[in-house]
Amino acid sequence: MADEHDTDPNDRHQELEGWDELKVKNTNLTIVGSGPLANYLGTYVAGLGFGKVRIVSNEIMDTSNVHEFLISSKPLGNPKSDYLKEELQRLNPELSVVSKNVYVDKQDVGQNTVEFLVDVTNNPDSKMRCIQIAEELKQEGKNIQYFMSASSSKTKASLAIYKPETNVSILNTSTIHDIPQIDTFSSPNTDSLIESMIAGSKKDVSNALKQSSELLEDMVSKTSSSSTTPRQNHGPLTGIDDDLWAQPSTTENEEVFMQFKTKERKKYDMQSPVTYLMEEYADEGQGSVTSGVIAAMIIDEIRKAVIPRESEIEKDKQEDIYIKFGTEQGSNGTIKILDNRLDYNLQSNERFSFDDDIPRPTSFTRDELKDKKIGVIGLGGIGTYAVLNLAIMGVGEIYAIEPDEIEGSNYNRQFLYVGHNGKNKADVMKKQLEIINPQTTVYPSVEWVKEDTLDRLFGDKNIDLLLGCVDNWEARVHINNFAVKHNIPYIDGSLDPFHGRVESYTPGETSCLNCQSNYFGKMQEAKAKEEEKFQEGADILHKQAETNPKLRKYISTPKGLAKAVREEYVCRNRSGSIVVSNALVGTMMAAEALTHLMPSQYSNPLHNKLISYKSDKNTRLDVRKAGNCACDRVEEAQRCDCHNYKK
């Protein structure tokens with residue numbers, strides 16, 4: 001029989017078709033920065049297992065910032081890069097991590113080994129320096145695949161990918177003739193950064209960046225008015241075996257998506273460094289949920305460049321799509337890479353647009369959520385990142401349900417459990433979250449999710465919001481029914497290894513999630529399949545028991561048989577799981593919670609819409625109309641009462 005607690009953190013990776021652990025471990029990544037974005041990116045790097053990491057930052061730990069959750073409890077006065085190195089090696093001892101307490105310099109990015117250079121600061125000067133470093137390395141024949149630029153604020157975040165090409169320099173384009181060039185790669189102190197980096201005064205630099213911003217605005221304005229291609233409809237979710245993604249009808253969903261019109265997004269000139277400088281973030285502090293989402297996108301784009309899946313390789317001519325994608329030569333075709341800046345904006349009703357639909361204040365503090373109570377069901381891969389962000393956001397009370405114990409195979413995507421093998425997840429999570437934010441109180445429960453359980457645990461707590469982070473349809477049905485019964489908003493997250501979705505129910509505004517996505521019908525289908533698989537496994541075990549007395553005794557009781565089938569034929573046949581989709585879905589769920597809890601500060605909650613992520617689709621992330629209400633398709637007895645409360 002299988003050991004009670006599997007201790008191999010790479011176990012779930014090995015279950016993925018085409019996964020090449022050696023390629024992943026040999027990948028070289030340089031992270032420039034040490035703020036919230038770097039904390040998230042480092043966590044994901046440790047979970048995915050990129051083996052050679054260099055952290056470059058000259059920041060000193062001078063205050064405790066809860067958004068920098070990996071290092072927020074560290075002593076003041078020491079380099080943040082050293083603390084990040086220490087934490088990444090604790091999370092994954094197999095990592096080779098180097099920290100450099102310097103301002104980004106060519107000699108400090110690992111010029112002989114760097115493959116991916118990622119600037120996750122809000123500093124345009126640092127990003128300009130990285131662009132030139134990337135180009136020089138490529139000109140010298142070094143293996144530099146991407147320069148990736150990302151920045152974030154409390155409400156927005158952006159990612160742009162630049163692939164340096166020999167003899168093709170974006171620094172020589174006409175769009176940047178007013179931006180001073182970088183002539184030196186010394187390591188200046190903080191008082192002379194700009195002077196030693198750029199020949200000219202601070203005033204000249206400031207004027208140049210201002211002119212660059214104006215050039216970008218003019219460029220975007222012209223592009224939007226003359227050449228923006230309307231978003232193309234890519235039809236229903238297809239190509240995934242899991243019933244989680246099954247849609248009621250191809251024709252029906254094509255009609256639904258065609259009727260759902262979204263705003264055109266900005267097109268950026270990917271041959272201009274202005275796109276990568278992200279100067280609009282220069283005076284902003286980095287946020288948590290926004291950083292978590294963009295960092296997950298960064299790590300998955302790197303993963304695709306290292307070990308692309310078959311569906312991520314384009315064999316035929318690219319279709320004319322709304323966001324254009326570049327290509328990189330692969331073994332069987334071309335790998336799709338982002339060829340437009342990705343903007344994530346919680347103040348936009350479209351989410352993935354930098355345009356702000358409704359101007360909103362951004363001077364809020366975490367104290368505004370100290371009186372909120374949120375129920376979280378499930379503390380696995382999705383739940384880890386959902387509750388982490390709730391604590392960082394300052395939610396006062398979290399009521400968490402999770403019956404499972406920690407296994408070593410959880411570590412690759414559930415980093416808060418590292419070192420706690422065999423303990424209950426809910427109890428460990430309480431301790432971890434209250435360390436990250438002592439103002440958050442966590443009430444753990446180790447019970448299995450049933451409707452009467454939810455009534456007993458949550459019924460009299462005046463819960464403001466429910467987050468469903470579970471992995472089965474029966475639990476989703478119970479949560480949905482409880483939410484409808486008690487008039488509580490409910491956000492659900494679901495995934496497979498390379499895809500994810502987030503959808504929500506708002507009492508009085510939307511149909512419930514059973515009606516939107518037919519949870520009840522999917523539960524029935526899942527149960528029928530589980531019974532079939534259980535019987536197949538039981539038959540095999542009974543056959544083996546004929547010649548194995550020990551096994552025969554073990555499965556002689558219903559409980560023993562059930563456990564044996566689960567261990568031998570359910571757990572071992574599970575699908576693989578990686579950090580990206582878990583982190584992306586869990587973090588976006590926390591982000592959507594903000595739209596429910598603080599609508600005056602953020603955009604509106606998604607009403608009868610869902611957020612979809614598919615790693616092999618050109619649009620990557622998208623907001624879509626939910627399917628037509630299931631009440632139009634199910635029998636009268638299966639319909640719920642949510643329509644009685646709907647406006």
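Values in this document were obtained by computation on a predicted structure and should not be read as measured data.

Caption draft 1: How the structure looks around the packing of aromatic side chains. Under the counting rule described, the total for this entry stands at 13 aromatic pairs. Here the aromatic rings of Phe-69 and Phe-415 are separated by 5.7 Å at their centres, their planes lie at 45°, and the arrangement is tilted. Here Phe-69, found in the loop between β2 (52-56) and α4 (80-91), pairs with Phe-415, found in the loop between β12 (397-401) and α12 (425-436); they are 346 residues apart in sequence, far enough to count as distant. As far as burial versus exposure is concerned, Phe-69 and Phe-415 are alike and both buried. The structure contains a cluster of three or more aromatic residues connected by ring pairs, namely Tyr-40, Tyr-44, Phe-69, Tyr-385 and Phe-415. A cation sits over an aromatic face here: Arg-476 above Trp-473, 4.6 Å from the ring centre.

Caption draft 2: Just unusual backbone geometry, in detail. In the Ramachandran plot, Met-278 falls in the positive-phi region, its phi being about 50° despite a non-glycine side chain. Topologically, Met-278 is positioned in the loop between α9 (274-277) and α10 (289-306). The backbone phi angle of Asn-608 is positive, close to 55°, even though this residue is not glycine. With respect to the element layout, Asn-608 can be found in the loop between α19 (579-597) and β17 (609-614).

Caption draft 3: Molecular detail of the confidence of the model for the chain. Model confidence for the chain is summarised by a mean pLDDT of 77, while 72% of its residues fall at 70 or above. Contacts from residues 215-262, a stretch scored under 50 in pLDDT, to residues over four places away or in other chains number 85 contacts.

Caption draft 4: Examining the sheet that holds β17 more closely. One open sheet holds the eight strands; their spatial order is β13-β12-β11-β14-β15-β16-β17-β18, and the pairing between them is mixed. Where the open sheet ends on each side, the last strands, each with one partner, are β13 (441-445) and β18 (621-625). Going across the sheet, the axis of each strand differs from the next one's by a mean of 15°, ignoring polarity. Note: β17 against β18, five bridges, orientation antiparallel. By the bridge assignment, Ser-612 is partnered in β18 with Asp-622. Its contacts with the sheet put helix α14 (residues 473-486) on β11 (373-377), β14 (465-468), β15 (490-496) and β16 (499-505), and the angle it makes with β15 is roughly 165°.

Caption draft 5: Broad picture of the pattern of salt bridges. A complete count under the given rule lists 24 salt bridges for this structure. Ionic pairing is found between Lys-74 and Glu-87, a salt bridge with its closest N-O pair at 3.0 Å. Remark: Glu-87 occurs in helix α4 and Lys-74 occurs in the loop between β2 and α4; sequence separation between them is 13 residues. Accessibility expressed as a relative area gives 16% for Lys-74, which makes it buried. Note on Glu-87: relative accessible area 7%, which makes it buried. The salt bridge partner of Glu-434 is Lys-430, with a shortest N-O separation of 2.9 Å. Of this pair, Glu-434 and Lys-430 both sit in helix α12, four residues apart, roughly one helical turn. You can call Lys-430 partly exposed: its relative accessible area is 27%. Each of Lys-74, Glu-86, Glu-87 and Arg-90 takes part in a single network of salt bridges with overlapping partners.

Caption draft 6: Structural view of the environment of Gln-439. Here Gln-439 lies in the loop between α12 and β13. Between the C-alpha atom of Gln-439 and that of Val-395, which follows or precedes it by 44 residues, the distance is 8.2 Å.

Each value, and the rule that gives it
Residues numbered from 1 in each chain as written. Predicted model: local features only at pLDDT ≥ 70, side-chain atom pairs only at ≥ 80, totals over all residues. Heavy atoms only, no water. Phe/Tyr/Trp six-rings, centres within 6.5 Å; stacked < 30°, edge-to-face > 60°. Helix = DSSP H or I, 4+ residues; strand = E, 2+ residues; numbered from the N terminus. Buried < 20%, exposed > 50% of the residue type's maximum accessible area, 1.4 Å probe, protein only. Lys NZ or Arg CZ within 6 Å of the ring centre and 35° of its normal. pLDDT = per-residue confidence, 0-100. Contact = heavy atoms within 4.5 Å. Pairing = 2+ DSSP bridges. Axes fitted to C-alpha atoms, helices over the stretch in contact; angles between N-to-C directions. Salt bridge = Lys/Arg side-chain N within 4 Å of Asp/Glu carboxyl O.

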